[in-house]
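Each chain is listed here by its residues.
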Amino acid sequence: MKCLCRNKTTFKLCKKNVKKNNNFCRYHHNNNYLAYTIFNNVFGNKHNLNMNDIFNLYKYVTENVSINEYKEENSGIFFIELLENIPYKLLLLLSKRYLNQTNKYVKKELYIFLNELNSKSYNICKFDKINILQHKFKYYLLNKNNKLINTEDLFTCESLSDIPKNRLFILKDNNCAYGFDVIELDYFIKKCVDEKKIPYNPYTREKIKEDTILYIGKFMEYNKIESRELQYNWITNMQAYTDLSIEFERRGFYNSPEWFEKMSIESILKTIKYFKDFSTEFEESNQYFNNVTANNVTANNVTFDFCTDGIRLLKECNDDLYILCCNLFKSLALCSNDFYDNIPTWMSGINTTSLLSNVFSIFGDTSGNNPNNFLLYYYVEYM
Ligand SMILES: [Zn+2]
């Protein structure tokens, strides 16, 4: 095996063979072992690094902080320590197009810049489309230009000149101005909040100030623009159930979208009935599933309404209200054998069959050809 150390100027790998039981040759065995091992994991044989490689390094460090015994809040410091082991000229070269050309950077400033740039990229790398745009607009940003930087709405790709004046919202940020269809911008902000992210300008990743968000609301009110409600673009029931299933999984309940799909509309309505029944002492439970239980219910909207409110409940009910998430799962278990068979062990466990008849009479369910122990558990535990 070859030594993992790299040349301090060219960053090329050392060509010598390693010492016994070591990743380094006899000249390099005193080197920063951790740094070069990480470089090997992230870069492999590559020595001509680009910004993407640096981003991968940042990602690696951030996602493996615990194994490196660095606390999360220190990951930036560790990342900078690693950068110090990469030739400075190489870093300067790959950062060139991102930097303000008139400024001279001292080493430390470049390290901090790279850390910030990559941490911001990392935090939004889920938004792939936006991520690509970021590189494009970073360049314009540095030109400090007061005219509108974009010509199309980012979200709809509609030309700004086609957007009616009363819907065109100008967002200013770092002396630059960006045009948006206010409906889309407002929707994006709501989505950020829903996903527990701080709303940001998608072009620059700068936080959108509270004042600006208030102003967007006023702007819409003044122009009599209706905001778009957060909604899911479901076409099939399966898509809706998949989103609900993911949310259950997130809150710690093993499940599968197929289990929902197998349930009849009657079972879904029954689930809601149980949920309401179990949760009467929590006033907050009244905020959920009201559309589904309304009189004008039709088979078509039951699934989507059930999933929309289920997702909202799973997202909103934290701490003391986590019991509502449990109640929803328990209700499903009463109406579906798949859910019943997969109740988390911490939720079941008590098995007292002697109360069986009483419990079913409480529910008015005499059809019970499938005596359900879980139901018993619930009543033993909570009545
Ligand atoms: Zn070596």
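Scroll up a little and you will see the structure.
Residues numbered from 1 in each chain as written. Predicted model: local features only at pLDDT ≥ 70, side-chain atom pairs only at ≥ 80, totals over all residues.

## A closer look at unusual backbone geometry
Thought 1: Its identity as a non-glycine residue notwithstanding, R205 has a phi of 65°, on the positive side.
Thought 2: Within the secondary structure, R205 sits in the loop between α7 (182-194) and α8 (210-222).
Thought 3: Given 18 C-beta atoms within 10 Å, R205 falls into the partly exposed group.
Thought 4: One non-glycine residue, F289, adopts positive backbone phi at about 60°.
Thought 5: Along the chain, the position of F289 falls in the loop between α11 (265-278) and α12 (290-293). (Helix = DSSP H or I, 4+ residues; strand = E, 2+ residues; numbered from the N terminus. Buried ≥ 20, exposed ≤ 12 C-beta atoms within 10 Å, placed from the backbone.)

## Section: the packing of α7 against α8
Thought 1: Following both chains from N to C, one finds α7 and α8 inclined at 140°, their axes separated by 11 Å at the closest point. The angle between α7 and α8 falls in the class oblique. Here the hand of the crossing between α7 and α8 comes out left-handed. Judged by residue contacts, V182, L185, D186 and I189 of α7 engage I213, I216, F219 and M220 from α8.
Thought 2: Tallied by class, residues from the contact of α7 with α8 come to 7 nonpolar, no polar and 1 charged. (Axes fitted to C-alpha atoms, helices over the stretch in contact; angles between N-to-C directions. Parallel < 35°, antiparallel > 145°, perpendicular 65-115°, else oblique. Left-handed = near helix turned anticlockwise from the far one by under 90°. Contact = placed C-beta atoms within 7 Å. Nonpolar A, V, L, I, M, F, W, Y, C, P; charged D, E, K, R; others polar.)

## Thoughts on the pairing of strand β2 (residues 176-181)
Thought 1: Of all 6 residues in β2, 5 are buried, a share of seventy percent or more.
Thought 2: When strand β1 (residues 168-173) meets β2, the two strands line up antiparallel, connected through 6 bridges. Each bridged residue has a counterpart across the sheet, and for L171 the counterpart in β2 is Y178.
Thought 3: The hairpin turn running from β1 into β2, its antiparallel successor, is 2 residues long, and N174 in that turn takes a positive phi close to 55°. (Pairing = 2+ DSSP bridges.)

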